[in-house]
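Residues per chain are reported as follows:
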Amino acid sequence: MNKKDRLPPGQGLVEDFPVFQSGDILEVDRKKWTFIASGLIEKPLRATYKEFLLLPSRELTTDFHCVTGWSKFDLRWKGILFKTIASITKPFKEAKFVEVIAGEGYTTSLPLSVLTDDDVIFAFGLKGKPLTREHGFPLRLVVPKRYAYKSAKWVTGVRFLKEDRPGFWEKRGYSNSADPWKEERFS
Ligand SMILES: Nc1nc2c(c(=O)[nH]1)N[C@H]1C(S)=C(S)[C@@H](COP(=O)(O)O)O[C@H]1N2
Ligand SMILES: [Mo]
């Protein structure tokens, strides 16, 4: 695909990788950090940083689109596919949505069917290096097909739910479906 076709409507390409969040850049101690998967799943999961890194990992190169209008191409992430977490935790049939829990009260939510796409990853590495603090160390979600407020930084866990629980920006007037190709910016 050529560069123009890869840019969703109303977006502008940037060369640097901006840092954006609602509050402060968090400083997370990886020795104290745990990842917790809970809710409507057969096998709840609790993993330390070391344990999380031992799960089967993948590298993926994807594009990133912020709702404020910038897009960044070809970010090379390393991490654990959401699909892998789903196969380990075995969501019940009733689990239709997932609330992603991040530091300092930031949450976002997505349908389980969106998260099990092949390009959705819990990233702990970027461009061959460990993820930096400002981009979400120790772990962030990356959902390339949605505006980046769905790509939560400083993730601590996921909750599998029957009904949707709109997150931080979704409650503040931003689109819950957040598809950049349909320019779903606001609700
Ligand atoms: N925890 C947390 N994650 C977050 C946000 C936030 O405010 N808090 N902002 C989102 C938004 S709006 C964007 S554009 C991306 C920015 O990611 P970056 O700083 O790695 O570029 O993070 C997303 N993830
Ligand atoms: Mo954003």
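Remember, it's a predicted structure, so these values are computed and weren't measured experimentally.

**A look at the site of ligand 1**
Stage number 1. Taken together, 20 residues sit near ligand 1, with Pro18, Ser22, His135, Arg140 and Lys153 positioned nearest.
Stage number 2. Between ligand 1 and Pro18, the relevant distance is 2.6 Å, taken from an oxygen atom to a main-chain nitrogen or oxygen of the residue.
Stage number 3. Coverage of ligand 1 by the protein chains reaches 99% of its 530 Å² of free accessible surface.
Stage number 4. Comparing atom positions with the cavity grids shows ligand 1 to sit within the largest pocket.
Stage number 5. In terms of residue class, the shell around ligand 1 is built from 13 nonpolar, four polar and three charged.

**Considering the pairing of strand β2 (residues 34–39)**
Stage number 1. As defined by bridge partners, β2 adjoins strand β3 (residues 45–48) across four bridges and the pair is classed as antiparallel. Counted as the bridge partner of Ile36 is Arg46 from β3.
Stage number 2. Joining the antiparallel neighbours β2 and β3 is a turn of five residues.
Stage number 3. Alignment of β2 against strand β11 (residues 155–161), held across four bridges, turns out to be parallel. Within the sheet, the bridge partner assigned to Ile36 lies in β11 and is Gly157.

**Things to note about the pattern of salt bridges**
Stage number 1. Counted under the stated rule, the structure contains 12 salt bridges.
Stage number 2. Between Glu27 and Arg133 there is a salt bridge, and its shortest N-O distance comes to 3.9 Å. With Glu27 in the loop between β1 (12–13) and β2 and Arg133 in the loop between β9 (129–130) and β10 (140–142), the pair connects residues that are 106 residues apart, well separated along the chain.
Stage number 3. Here the salt bridges do not stand alone but share partners, grouping Arg6, Asp63 and Asp74 into one network.

**Regarding unusual backbone geometry**
Stage number 1. Of note, the bond from Phe137 into Pro138 is cis; its omega dihedral lies within 30 degrees of zero at 5°.
Stage number 2. Assignment of secondary structure puts Pro138 in the loop between β9 and β10.
Stage number 3. For Lys127, which is not glycine, the phi dihedral falls at a positive 50°.
Stage number 4. The topology assignment puts Lys127 in the loop between β8 (121–126) and β9.
Stage number 5. According to the relative accessible area criterion, Lys127 is partly exposed, its value standing at 47%.
Stage number 6. A positive phi is found at Ala178, a non-glycine position, where the angle reads about 55°.
Stage number 7. Mapped onto the elements, Ala178 comes out in the segment after β11.
Stage number 8. With a relative accessible area of 0%, Ala178 lands in the buried category.

**Some thoughts on the sheet that holds β11**
Stage number 1. Strand order in the open sheet formed by five strands is β3-β2-β11-β6-β7, and the pairing between neighbours is mixed. Of all the strands in the sheet, just β3 and β7 (107–111) have a single pairing partner and so form its edges. Taking each pair of neighbouring strands and ignoring which way they run, the sheet shows an average axis angle of 15°.
Stage number 2. In the sheet, strand β6 (residues 97–102) pairs with β11 via six bridges, with the strands oriented antiparallel. In the sheet register, Val98 faces β11, and the bridge partner there is Phe160.

**Side note on the nonpolar core**
Stage number 1. With 38 residues, the main nonpolar core has Phe35, Phe52, Phe82, Phe122, Val158 and Phe160 as its most contacted residues.
Stage number 2. Those residues within four positions of Phe122 in sequence are excluded, and the remaining contacts are Phe35, Phe52, Lys78, Gly79, Ile80, Phe82, Ile85, Leu139, Arg140, Leu141, Val155 and Val158.
Stage number 3. Core analysis: the second largest hydrophobic core is formed by 14 residues, Leu60, Trp70, Trp77 and Ala148 among them.

Conventions we followed
Residues numbered from 1 in each chain as written. Chains lettered and ligands numbered in written order. Predicted model: local features only at pLDDT ≥ 70, side-chain atom pairs only at ≥ 80, totals over all residues. Heavy atoms only, no water. Near = heavy atom within 4 Å. Polar contact = N/O pair within 3.5 Å; in protein donor to acceptor, adjacent residues only side chain to side chain. Areas by Shrake-Rupley, 256 points an atom, 1.4 Å probe, with all protein chains shown as cover. 1 Å grid on protein atoms, 1.4 Å probe; cavity = no way out; pocket = protein on both sides within 12 Å on 5 of 7 lines; lining within 4 Å. Sits in = over half its atoms within 2 Å of the grid points. Nonpolar A, V, L, I, M, F, W, Y, C, P; charged D, E, K, R; others polar. Pairing = 2+ DSSP bridges. Helix = DSSP H or I, 4+ residues; strand = E, 2+ residues; numbered from the N terminus. Salt bridge = Lys/Arg side-chain N within 4 Å of Asp/Glu carboxyl O. Buried < 20%, exposed > 50% of the residue type's maximum accessible area, 1.4 Å probe, protein only. Axes fitted to C-alpha atoms, helices over the stretch in contact; angles between N-to-C directions. Core = buried A, V, L, I, M, F, W, Y, C linked by side-chain atoms within 4.5 Å. Contact = heavy atoms within 4.5 Å.

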